[in-house]
Amino acid sequence: MGTADSTFGAFLIGVVVSAVLYGVTCVQTWYYFSRYFSDPWHHKLLVGAVFVSDTTHQALITHTLYTYLVTDFGNASDLEKIVWSLLVEVLFNGFTGFMVQSFLAKRVYHLSNKNMIITASVMSLVIAELVIVVIYVVKALELATFTQVRQIKSWSMSINAVAAAGDILIAVLLCTFLQRSRTGFRRSDTMINKLMLYSINTGLITSVCAMMSFISIVLWPDTFIYIAFYFCVGRLNCNSLLATLNARKGIRRDGDACNEHVSVLIDRALRPINSLIDSSQTVSSTDLHSTFLMCKQEMPNDLSIKMDTTQGCIEDEFLSAKDLKRAQSV
């Protein structure tokens, strides 16, 4: 083992930072249940399960810290022994990551038009991480001292590597599919940019933390620096899920404003054409085309570009409506 600063000092910092993030988790969980009480039951069950897993993890690492720094205070020989809660906490971190990443994998499934190959590639990493976590915990429970932990160092590295790979893959896929969903309208594209930003942030922060844990165990295997980073991975996963769910109303308000804005513009633009259809005058295609150009001039560039692609469709609708009125008059 290393010095006290690099072992139990890093351990203490990790527990404190994790406790701060757990406070954020509590606030976000309260906000979710108070604002989204009409959510589907499976969303509420997911949030509840993630919160319970996260709470259990915080309790376990707090028990570990108390045991080493209070119960075993002044007894150097006991500091070399592994407390059971330090091993079991890995399992609950794995449960939290599995539930959060499965939820995000479901989003990938819907955004990819239910592409099973892409979804299966994501879920393979998610399931692999959980399996590695279970194997690690089973092997670790057979150990008695920190010196023996080196025997399962490869499993610990694998957990962090697979977790980071899964977060990065999910973030890349979500951003790719959201990018393809752009409409060309400024406000709707702004809303998509916000969704992409949430996807990048949630995937980037958790993957960076997992990679820092991976790098730390490679560079400083005799310290607890990697443990401090790993303590925060589950907390970041939980908060990323809650932030994604809690941001929906704000993004939805932007979407409603966008839809209202576009509807008003289209209604204003098509008003001259509708007046021509309702009139009894005979209108030539030249008059229709000039009216359409006048409508475009009153609209912003992004919407007028979209109307170029629908001009033929509107002309067809115009001719059909005129034919129908003539038939009715006869």
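Residues numbered from 1 in each chain as written. Predicted model: local features only at pLDDT ≥ 70, side-chain atom pairs only at ≥ 80, totals over all residues. Heavy atoms only, no water.

A. Representation of the environment of Thr-7. Considering the arrangement of structural elements, one finds Thr-7 in helix α1 (residues 5–35). Look at Thr-7 and you get buried, because its relative accessible area is 2%. Sequence spacing of Thr-7 and Tyr-226 is 219 residues, and the spatial spacing of their C-alpha atoms is 9.8 Å. (Helix = DSSP H or I, 4+ residues; strand = E, 2+ residues; numbered from the N terminus. Buried < 20%, exposed > 50% of the residue type's maximum accessible area, 1.4 Å probe, protein only.)

B. Up close: empty space enclosed by the protein. Summed over the entire model, instances satisfying the criterion amount to 3 cavities of 30 Å³ or more. Mapped by element, the contributors of at least two residues to the lining of the largest cavity are α4 (84–111), α5 (116–140), α6 (153–180) and α8 (225–246). In terms of residues, the lining of the largest cavity owes the most to one element, α4, which gives 4 residues. Partitioned by chemical class, the residues of the lining of the largest cavity number 14 nonpolar, 2 polar and 1 charged. (1 Å grid on protein atoms, 1.4 Å probe; cavity = no way out; pocket = protein on both sides within 12 Å on 5 of 7 lines; lining within 4 Å. Points joined across faces, edges and corners; volume = space filled by probe spheres on them. Nonpolar A, V, L, I, M, F, W, Y, C, P; charged D, E, K, R; others polar.)

C. Fine view of the packing of α4 against α5. Contact pair α4 / α5: the axes reach a minimum separation of 9 Å and the direction vectors enclose 175°. Here α5 runs roughly antiparallel to α4, going by the angle between their axes. Split into classes, the residues belonging to the contact of α4 with α5 amount to 20 nonpolar, 4 polar and 1 charged. (Axes fitted to C-alpha atoms, helices over the stretch in contact; angles between N-to-C directions. Parallel < 35°, antiparallel > 145°, perpendicular 65-115°, else oblique.)

D. Geometry of the environment of Ile-168. Tracing the backbone shows Ile-168 in helix α6. With relative accessibility at 44%, the residue Ile-168 sits in the partly exposed group. Separated by 39 residues in the primary sequence, Ile-168 and Ser-207 place their C-alpha atoms 6.5 Å from one another.

E. Unusual backbone geometry, seen in detail. In this model, Asn-113 sits at a positive phi of 60°, which is unusual for a non-glycine residue. For Asn-113, the position within the fold is in the loop between α4 and α5. Not every positive phi belongs to a glycine, and Lys-114 is a case in point at roughly 60°. Assignment of secondary structure puts Lys-114 in the loop between α4 and α5.

F. Up close: the layout of surface pockets. By volume, the second largest pocket amounts to about 200 Å³. Lining the second largest pocket are 16 residues, and of these Phe-146, Val-149, Arg-150, Pro-221 and Tyr-226 sit closest to its centre. Residues belonging to the lining of the second largest pocket are distributed by class as follows: 9 nonpolar, 3 polar and 4 charged.

G. Fine view of the side chain of Asp-72. Mapped onto the elements of the fold, Asp-72 is located in the loop between α2 (41–71) and α3 (76–79). Buried within the structure, Asp-72 lacks any salt-bridge partner; its nearest side chain of opposite charge belongs to Lys-81, at an N-O separation of 7.9 Å. (Lys, Arg positive; Asp, Glu negative; His and termini not counted. Salt bridge = Lys/Arg side-chain N within 4 Å of Asp/Glu carboxyl O.)

H. Layout of a nonpolar patch on the surface. Taken together, the side chains of Leu-204, Val-208, Met-211, Met-212, Ile-215, Val-218, Leu-219 and Trp-220 make up a nonpolar region of the molecular surface, amounting to roughly 680 Å² of accessible area. Within the secondary structure, Trp-220 sits in the loop between α7 (186–219) and α8. (Patch = residues over 30% accessible without salt bridge, like charges linked within 9 Å, V, L, I, M, F, W, Y side chains within 5 Å. Areas by Shrake-Rupley, 256 points an atom, 1.4 Å probe, with all protein chains shown as cover.)

I. Here's a closer look at the packing of aromatic side chains. Counted under the stated rule, the structure contains 12 aromatic pairs. For the pair Tyr-22 and Phe-51, a centre-to-centre distance of 6.1 Å together with 15° between the ring planes defines the contact as stacked. Here Phe-51 lies in helix α2 and Tyr-22 lies in helix α1, a separation of 29 residues in the sequence. Using a relative accessible area of 17% as the deciding quantity, one classes Tyr-22 as buried. When the ring of Tyr-68 is compared with that of Phe-146, the centres are 6.0 Å apart and the planes differ by 40°; the resulting orientation is tilted. With Tyr-68 in helix α2 and Phe-146 in the loop between α5 and α6, the pair connects residues that are 78 residues apart, well separated along the chain. Of the two residues, Tyr-68 and Phe-146, neither departs from the other in class, the shared state being buried. Clustering of aromatic rings is evident, with ring pairs tying together Phe-8, Phe-11, Tyr-68, Phe-146, Phe-224 and Phe-231. (Phe/Tyr/Trp six-rings, centres within 6.5 Å; stacked < 30°, edge-to-face > 60°.)

J. Inspection of the pattern of salt bridges at higher detail. In this structure the tally under the stated criterion is 2 salt bridges. The residue Arg-150 makes a salt bridge to Asp-222 at a minimum N-O spacing of 2.6 Å. One end of the pair, Arg-150, is in the loop between α5 and α6; the other, Asp-222, is in the loop between α7 and α8, and 72 residues separate them in sequence.

K. A look at the packing of α1 against α8. For the pair α1 and α8, interaxial distance at closest approach is 8 Å and the crossing angle is 10°. Relative to α8, the element α1 lies roughly parallel. Tallied by class, the residues present in the contact of α1 with α8 amount to 19 nonpolar, 8 polar and 1 charged.

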